[in-house]
Amino acid sequence: MKRQSVTVIGAGVAGLVCALELAERGATVEVVDRGRALGDGSCSWQAGGMLAPWCERATTDAVVATMGATSIDWWVRHFPGTVRNGSLVVAQPRDAADLTRFAQRTERFELIDADRIAALEPDLAGRYRRALFFPDEAHLDPRRALAALVERLGDRGVPVRFGVDLSPEAAPGDTVVDCRGLAARDALPDLRGVRGEMVVVRCRDVALARPIRMLHPRIPLYIVPRGDGLFMIGATMIESERRGPVSVRSAVELLNAAYALHPAFGEAEIVELGADLRPAFADNLPQVRRDGRVLRANGLFRHGFLLAPELARQVAEAIKMETNNADIPERRRA
Ligand SMILES: Cc1cc2nc3c(=O)[nH]c(=O)nc-3n(C[C@H](O)[C@H](O)[C@H](O)COP(=O)(O)OP(=O)(O)OC[C@H]3O[C@@H](n4cnc5c(N)ncnc54)[C@H](O)[C@@H]3O)c2cc1C
């Protein structure tokens, strides 16, 4: 890539990963964000941080698994806090058919019995007869990961400036990468918001080594361990663009899921309730679109951390081509 100046607008996961990828490929990069500090107004701050391409394959387009598979290595290289312990999928005995259906729609898992569950997660011993173990999956704490990216960018001399509200058309640079998330809807009218709600609790009586997904016919949920007794319980997925606090119904469902996983969560402290809108296109897959010198990288939906490295790769490829729309690589279909 010839050395060029790039302004990245948005310091969510899309913007920061794109900025780092471009800086590593030799571009002169600057990042701006209208929030007062990292995470302020960013959907990425609410994420669970699961890097689970094969679990996602059970419910989404197979291309998500293809694109996401390589991203785990990207995160391991760029964020030492990435935990590669796999993930576990469980269901109550009455929902055993859901486990079978989930298994039929994906790959790269082991069907494990109660003894293996106990060996992997001692605190779940005796609670489930069967589970699906996805050994190659990973997870991270999104907030620590974003902070680590800002630090890495700083090490490379890439400034990340907060409190700067910029329109892509007015931004300086040979190329502008528009990573404004849902705020880019002024330029991407087919972008929609999908509401997600989550709870963070502190519970010192349960230890988990990996994310646990709990299948349920109506409300499949997950719990991600964050260390220091913290757990993120997520996430609702509601086709609504309502902003505002978590509803009582969602809070009850999320907390019930944790309580069903282990009764000790009944004594947990609620540390945080959070909600945001995931930016998504109609097919729930990310896209890079060129608009003159502006590249719009968006639509990460529920796969922000999982797919940002692939999105960044596509942005870097698009910049190298330096021509027009026709040159942007087709999204690969598995
Ligand atoms: C509850 C919940 C759980 C989730 N769990 C997961 C998960 O486990 N794994 C996963 O991979 N994904 C998960 N996601 C999805 C993930 O959070 C999103 O896909 C991702 O955050 C989208 O990132 P983004 O960078 O495109 O947008 P954002 O994070 O919203 O970033 C956009 C940034 O642009 C800035 N901005 C906007 N307009 C301007 C402007 N004019 N000038 C300057 N700056 C501007 C904003 O301040 C913001 O910081 C979850 C989402 C939710 C809500």
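Predicted model, so just to flag it, every value in this text is computed and none were measured. (Residues numbered from 1 in each chain as written. Predicted model: local features only at pLDDT ≥ 70, side-chain atom pairs only at ≥ 80, totals over all residues. Heavy atoms only, no water.)

Section: the site of the ligand
Note the cut-off: Distances are taken per atom, and a residue is near a molecule or strand as soon as one of its heavy atoms is within 4 Å of it. Here a polar contact is recorded for every N or O atom pair within 3.5 Å, except that within protein the pair must consist of a potential hydrogen donor and a potential acceptor, and residues adjacent in sequence are included only if both atoms are side-chain atoms. Per-residue and other accessible areas were derived by the Shrake-Rupley procedure at a 1.4 Å probe size, with only the shown protein chains allowed to occlude residues. Put simply, DSSP H or I for four residues or longer makes a helix, DSSP E for two residues or longer makes a strand, and each gets a number counted from the N terminus.
Residues in close proximity to the ligand total 36 residues, the closest being D33, S42, S44, F301 and F305. Take R302: an N or O atom from its main chain is 3.1 Å from a nitrogen atom of the ligand. At 3.0 Å, a backbone N or O of G304 approaches an oxygen atom of the ligand. Computed on the free molecule, the ligand has an accessible area of 1000 Å², of which 97% lies beneath the protein chains in the complex. Listed by contribution, the elements that provide at least two residues to the shell around the ligand are α1 (13-24) and α9 (304-321). In terms of residues, the shell around the ligand owes the most to one element, α9, which gives three residues.

Regarding the environment of L300
Quick note on the threshold: Residue contacts follow a heavy-atom distance rule, with two residues in contact if any of their heavy atoms lie within 4.5 Å.
Inspection of the secondary structure puts L300 in the loop between β16 (294-298) and α9. For the pair L300 and P263, spaced 37 residues apart in the sequence, the C-alpha separation amounts to 34 Å. With sequence-adjacent residues up to four places away left out, L300 is seen in contact with V13, A14, P279, P286, L307, A308 and L311.

Side note on the pattern of salt bridges
Defined as follows: Any Lys or Arg side-chain nitrogen located within 4 Å of an Asp or Glu carboxyl oxygen qualifies as a salt bridge.
Tallied over the entire structure, the rule returns 27 salt bridges. When the shortest N-O distance is used, the salt bridge between R302 and E56 registers 3.0 Å. Highlighted residues: R302 in the loop between β16 and α9 and E56 in helix α2 (residues 53-57), separated in sequence by 246 residues. Notably, a salt bridge pairs R185 with E241, separated by 2.8 Å at the nearest N-O pair. On the criterion of sequence distance, the pair formed by R185 in the loop between β9 (175-178) and β10 (192-202) and E241 in the loop between β13 (230-234) and α8 (248-261) is long-range, its members being 56 residues apart. Each of E169, D178, R180, D186, D291 and R296 takes part in a single network of salt bridges with overlapping partners.

Comments concerning the pairing of β9
Note the cut-off: Here the term buried applies to any residue with accessible area under 20% of the maximum for its type, exposed to any over 50%, and partly exposed to those in between, with areas from a 1.4 Å probe on protein chains only. Think of it this way: DSSP has to see at least two bridges between two strands before they count as a pair.
Both faces of β9 are covered, namely the face carrying T175 and V177 and the face carrying V176 and D178. Alignment of strand β1 (residues 5-9) against β9, held across four bridges, turns out to be parallel. Considered in β9, the bridge of I9 is made with D178. Pairing of β9 with β16, which is carried by three bridges, proceeds in the parallel orientation. Directly across from V177, in β16, lies its bridge partner L295.

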